[in-house]
Amino acid sequence: MTATSSATGRAADGTDRLPPVRPAYDTHTWKEILHLLLNLPVTVFGFVYAITVLSVGGPLTLTVIGLPLLALSLLGARQLGKLERSRARWLLGVRVEEPTPLPLARGGGWMQRLWMALKDPVGWRTLLYDAIRLPWGILTFCTVLTSLFVLWPVLPYLARGLANADRFMVRGLLSPSDELERRIAELESDRGVVVDTAAADLRRIERDLHDGAQARLVNLAMGLGLAKEKLLEDPDSAAAMVEEAHGEVKLALQELRDLARGIHPAVLTDRGLDAALSSVATRCTVPVKVTVDLPDRPAPAIEGIAYFTVSELLQNISKHSRARSASVDVWRAEERLLIQVRDDGRGGARLEGGTGMRGLAERLGAVDGLFVLDSPAGGPTVVTAELPWRDRTE
């Protein structure tokens, strides 16, 4: 009796041939079986560890050594979870991300580091995982060991079902929270941006004071000292020196006003965004139409970020855009403060272009804001910025 070609295939000479032999137990199946057999010793050790920590560490928290002992036990549980994730990755092919390490080195005093370890959700979830796994480890070990001798034809299917249950438990209890990990990473990055921005602003203020107003005041003091010496010998020269010193005082005052405006303009504090943006628009070399539609004023921090964002964008328009006109629109949409700056210049602006756009995007991102740049070659350029709205508390 010959097999049909549709069932068996056909060789190159036209004769029927059998399909290639495939092993019933491939590499993946043997890895799953090994994982299920290792469940018993691993879960016994984990169960003993978890029960010891909970039964001994719990009552000892009433003593001096209790909390440090419990904190160390939770750090140890983290290591057990790491081993379990490695075992699942190697034997089950489960790709579970490692949780963020505890920042104990940056935790400040020992009490702060102790509290950080005690409230670690990863350590507590690992203890829960080890405490509830013992019955499962016994079940999987006995089932697989018995099936190797009795139910070996169906063992691959049985092993796959039990291994899938293991995969589900590993992902559910030993994987970090994606949203939490993402938020932690964002906050760490934003904190670095805020620190770098503050340091850069302090250096700028120090440089402006040292090279500007401070230098003028030193020259003023020297000029007044020379005028004092010549006051009796040469009154006319002394008067000229005093007149020159008077001009230096005016220039120093103007530089101090400009510096104070760069830190936080008085018009912004006194009259809000509408007046402050109208004032900064008058210093732009391009005619700017400013429209501010806000029912009330936002929090001072948000107001300040919005002001300096528009100020930086208008400076870029003056220096790089070759535009004939520009516009600034500010409004509130639900719980967001929206800013849109548009110009009809040559376009081609990029975040990586060295015009300060990347710095603005990082500053807005540090306060949960958004920065969107649309600047095709030939223009127009439209920059949209969003900031979280926070009510002003006087």
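The following paragraphs examine the structure supplied in this document. If you're wondering where the values come from, they're calculated on a predicted model, not measured in any experiment.

Below, the discussion takes up a nonpolar patch on the surface. There is a patch of nonpolar side chains on the surface, built from Leu 145, Phe 149, Val 150, Leu 151, Val 154 and Tyr 157 and spanning about 660 Å² of accessible area. Within the secondary structure layout, Val 154 lies in the loop between helix H6 (134-149) and helix H7 (155-174). Relative accessible area serves as the criterion here: at 42%, Val 154 is assigned to the partly exposed category.

Between helix H2 (residues 27-60) and H6, the shortest axis-to-axis distance is 8 Å and the interhelical angle comes to 150 degrees. The angle between H2 and H6 falls in the class roughly antiparallel. Where H2 crosses over H6, the handedness of that crossing is left-handed. Contact residues: H2 offers Ile 33, Leu 36, Leu 37, Asn 39, Leu 40, Thr 43, Val 44 and Phe 47, while H6 offers Leu 134, Trp 136, Gly 137, Ile 138, Thr 140, Phe 141, Val 144 and Leu 145. Considered class by class, the residues forming the contact of H2 with H6 number 12 nonpolar, 4 polar and no charged.

Right, let's talk about the pairing of strand S2 (residues 326-333) for a bit. The pairing of strand S1 (residues 288-293) with S2 spans 6 bridges and is parallel. Each residue of the ladder has a partner; that of Val 292, found in S2, is Val 330. Following the chain from S1 across helix H12 (residues 300-321) to the adjacent parallel S2, one finds a crossover that is left-handed. Two elements, S2 and strand S3 (residues 336-343), share 8 bridges in a ladder whose sense is antiparallel. Across the sheet, the residue bridging to Val 330 is Ile 339, located in S3. The antiparallel pairing of S2 with S3 creates a hairpin that spans 2 residues between the two strands, and Glu 334 there sits at a positive phi of about 55 degrees.

Another point: the nonpolar core. With 33 residues, the main nonpolar core has Leu 277, Leu 314, Ile 317, Val 330 and Ile 339 as its most contacted residues. When contributions to this core are tallied by element, the ones reaching two or more residues are helix H11 (273-282), H12, S2, S3, helix H13 (357-365) and strand S5 (381-388). The leading source of residues in this core is H12, at 7 residues. The contacts of Leu 314, once residues within four sequence positions are left out, are Val 280, Ala 281, Cys 284, Val 288, Val 328 and Val 341. Formed by 17 residues, the second largest nonpolar core is a distinct cluster that contains Ile 33, Leu 92, Trp 136 and Met 169.

Applying the stated criterion across every chain yields a total of 1 aromatic pair. Relative to Phe 308, the ring of Tyr 307 has its centre 5.1 Å away and its plane inclined at 80 degrees; by these criteria the two rings are edge-to-face.

The rules behind these values
Residues numbered from 1 in each chain as written. Predicted model: local features only at pLDDT ≥ 70, side-chain atom pairs only at ≥ 80, totals over all residues. Heavy atoms only, no water. Patch = residues over 30% accessible without salt bridge, like charges linked within 9 Å, V, L, I, M, F, W, Y side chains within 5 Å. Areas by Shrake-Rupley, 256 points an atom, 1.4 Å probe, with all protein chains shown as cover. Salt bridge = Lys/Arg side-chain N within 4 Å of Asp/Glu carboxyl O. Helix = DSSP H or I, 4+ residues; strand = E, 2+ residues; numbered from the N terminus. Buried < 20%, exposed > 50% of the residue type's maximum accessible area, 1.4 Å probe, protein only. Axes fitted to C-alpha atoms, helices over the stretch in contact; angles between N-to-C directions. Parallel < 35°, antiparallel > 145°, perpendicular 65-115°, else oblique. Left-handed = near helix turned anticlockwise from the far one by under 90°. Contact = heavy atoms within 4.5 Å. Nonpolar A, V, L, I, M, F, W, Y, C, P; charged D, E, K, R; others polar. Pairing = 2+ DSSP bridges. Right-handed = clockwise from strand over helix to strand, strands pointing away. Core = buried A, V, L, I, M, F, W, Y, C linked by side-chain atoms within 4.5 Å. Phe/Tyr/Trp six-rings, centres within 6.5 Å; stacked < 30°, edge-to-face > 60°.

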